[in-house]
Amino acid sequence: MLTILTLLFSHQTVKILQAINHSNGTNLRSYLRSPGYTLITSISICREPFYLGGRYCKLSRRISQTPWFVDDDKQMVDTSVEEVITGPLQRYLGTDDIRMHASGREDIDVRMLGNGRPFYLQVTGSRKIPTATKLSELQDEINKVHECVTIHSLRFVTQNDTDQVKNAQDSKEKEYQCVIKTETPITEDQLQQLNSIRNLVLEQKTPLRVLHRRSPLTRPKTIVSLSCRFLTESEIRTAVAQTTDTTNEDFEQMVKDNSHRLLVAHITSEGGTYIKEFVHGDFGRTVPNVGTLLGTSCDILQLDVAGVSLPWPPPSS
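Here the structure is a predicted model, which means the values were calculated and not measured.

## Quick notes on the packing of helix H3 (residues 81–93) against helix H4 (residues 132–142)
For step 1, the next point in the chain: Running from N to C, H3 and H4 cross one another at 135°; their axes reach a closest spacing of 9 Å. Put simply, H3 runs oblique to H4. Both H3 and H4 take part in a crossing whose hand is right-handed. Counted together, Val84, Ile85, Pro88, Leu89, Arg91 and Tyr92 of H3 and Lys134, Leu138, Glu141 and Ile142 of H4 form the full contact between these two elements.

See the structure below:
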């Protein structure tokens, strides 16, 4: 009892000892003063965050990577990669919060193909810890949510492992494929000039389309390699048929007009390179660009990410 009283009321230790030594305990109250306030404590117990790593593919040009809101309340797209992945996990784990972090991002109109984009999830306040078998089942469930979003290699990773994803966004090479349309037909010689490009250094100003949310900087970026070919007549016919409704005569003329003006390009670049701007130049804000290299105006019709060269996730321990 003495120990407890001393710990709780150390500022009155002497009076407490006097009271215990000289009384039978009935008049202890006279030696103790009320502090004049009530102490209320609460204890909250929760699990530390844990981390899951994997890779995702996005096969649609109408799905964003993360929820897309305007004025904090209006969602501009029906769903996002993040919502597709976190939904089944949230329901099973009963977690307070799941945050998704990816190695870079693609625009909403860009597909993520190949082996997928590395990502990790930070899971906070989970009521359950899934087994490896359950994680595999959850991965299968996620892959049934939307036909255009798939994931693979979902597994536990450590917090230290996640640094690989954070630090690789602008350092790793990335592969792209795109369809380019030139203003004027180009020759085989011009095509070969493009195909000979290796380690081309660009001076790339922050694109106009993202200038409202990015610092106005000029960044040196490297095009590691560039390989182009003309679209075949069959591919041109398919593309024209999908984008126009014309008579046979007009159709044939459009096919003829687009001959030697439509290219398929395979580009390997330094991470963080704005590929759309490398193609059309962004009003001279990216130099050199495909347009200046060919001597004609260019536009990009389609863009896909074909690969992200990051070994992720790490092997299970």
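## Things to note about the environment of Asp299
For step 1, the next point in the chain: For Asp299, the position within the fold is in strand S12 (residues 298–308).
For step 2, the next point in the chain: Residue class for Asp299 comes out partly exposed when judged on its relative accessible area of 40%.
For step 3, the next point in the chain: Linking Asp299 and Thr182, residues 117 residues apart in sequence, is a C-alpha distance of 6.5 Å.
For step 4, the next point in the chain: When neighbours within four sequence positions are excluded, Asp299 is seen to be in contact with Val179, Ile180, Lys181, Val279 and His280.

## Remarks on the confidence of the model for the protein chain
For step 1, the next point in the chain: Of all residues in the protein chain, 84% attain a pLDDT of 70 or more, and the chain-wide mean is 87.
For step 2, the next point in the chain: Note that pLDDT drops below 50 for residues 1–9; the model gives that stretch seven contacts with residues more than four away or on any other chain.

## Focus on H3
For step 1, the next point in the chain: The end-to-end C-alpha distance of H3, which contains 13 residues, comes to 19 Å, matching closely the 18 Å that a straight helix rising 1.5 Å per residue would cover.
For step 2, the next point in the chain: Of all the bends in H3, the greatest, near 30°, is centred on Gly87, and the proline Pro88 appears no more than four residues after it.
For step 3, the next point in the chain: Regarding H3, the residues found buried are Val81, Glu82, Val84, Ile85, Thr86, Gly87, Pro88, Leu89 and Leu93.
For step 4, the next point in the chain: Lining the buried residues of H3 we find strand S1 (50–58), strand S4 (97–102), strand S5 (111–124), H4 and strand S6 (149–157).

Here is what the cut-offs are and how they apply
- Residues numbered from 1 in each chain as written.
- Predicted model: local features only at pLDDT ≥ 70, side-chain atom pairs only at ≥ 80, totals over all residues.
- Heavy atoms only, no water.
- Axes fitted to C-alpha atoms, helices over the stretch in contact; angles between N-to-C directions.
- Helix = DSSP H or I, 4+ residues; strand = E, 2+ residues; numbered from the N terminus.
- Parallel < 35°, antiparallel > 145°, perpendicular 65-115°, else oblique.
- Left-handed = near helix turned anticlockwise from the far one by under 90°.
- Contact = heavy atoms within 4.5 Å.
- Buried < 20%, exposed > 50% of the residue type's maximum accessible area, 1.4 Å probe, protein only.
- pLDDT = per-residue confidence, 0-100.
- Expected span 1.5 Å × (residues − 1).
- Bend = angle between axes of the 7 residues up to and from the residue.

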